[in-house]
Amino acid sequence: VELLRNLLARTLGLGTEPPERVLDELSLTGIARFMQSERCRRVVCM
């Protein structure tokens, strides 16, 4: 996924700065921690 993101960013001339990290860790615990923080305003489940 990261490779594809970099390729599209370079091709389309999008921002060169790395994306902001939202989760501390990619797990259910990390998601729950983010949802409890003040940074999380909306949750959409599909």
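Data block above holds the structure.
Computed from a predicted model, the values in this text were never measured in an experiment.

About the thresholds
- Residues numbered from 1 in each chain as written.
- Predicted model: local features only at pLDDT ≥ 70, side-chain atom pairs only at ≥ 80, totals over all residues.
- Heavy atoms only, no water.
- Helix = DSSP H or I, 4+ residues; strand = E, 2+ residues; numbered from the N terminus.
- Areas by Shrake-Rupley, 256 points an atom, 1.4 Å probe, with all protein chains shown as cover.
- Salt bridge = Lys/Arg side-chain N within 4 Å of Asp/Glu carboxyl O.
- Buried < 20%, exposed > 50% of the residue type's maximum accessible area, 1.4 Å probe, protein only.
- Patch = residues over 30% accessible without salt bridge, like charges linked within 9 Å, V, L, I, M, F, W, Y side chains within 5 Å.
- Disulfide = S-S within 2.5 Å.

Engineer: Sorry, what's going on with the overall build of the protein chain here?
Structural biologist: Of the regular secondary structure elements, the protein chain holds two helices and zero strands. Only carbon and sulfur atoms are counted for the fraction: they give 59% of the accessible area of the protein chain, which is about 4,900 Å².

Engineer: I'm lost on the pattern of salt bridges in this one. Help?
Structural biologist: When charged atoms on two side chains of opposite charge get close, those side chains can pair. A complete count under the given rule lists three salt bridges for this structure. Residue Arg33 is joined to Asp24 by a salt bridge in which the shortest nitrogen-to-oxygen separation is 3.8 Å. Judged by relative accessible area, which is 38%, Arg33 ranks as partly exposed. A salt bridge links Glu25 to Arg33, with the shortest nitrogen-to-oxygen separation between them at 3.7 Å. Overlapping salt bridges bring together Asp24, Glu25 and Arg33 as one network.

Engineer: What's the story with a nonpolar patch on the surface in this structure? I'm lost.
Structural biologist: Together, Leu4, Leu7, Leu8, Leu12 and Leu14 make up an exposed nonpolar region whose accessible area comes to about 500 Å². The exposure class assigned to Leu12 is exposed, which follows from its relative accessible area of 59%.

Engineer: What should I look at first to understand the state of the cysteines in this one?
Structural biologist: Between two cysteines, a covalent bond joining their sulfur atoms is known as a disulfide. Tallied over the entire structure, the rule returns zero disulfides. Not part of a disulfide, Cys40 finds its nearest cysteine sulfur in Cys45, a span of 10.0 Å. A residue is classified by how much of its surface remains accessible, and Cys40, at 14% relative accessible area, is buried.

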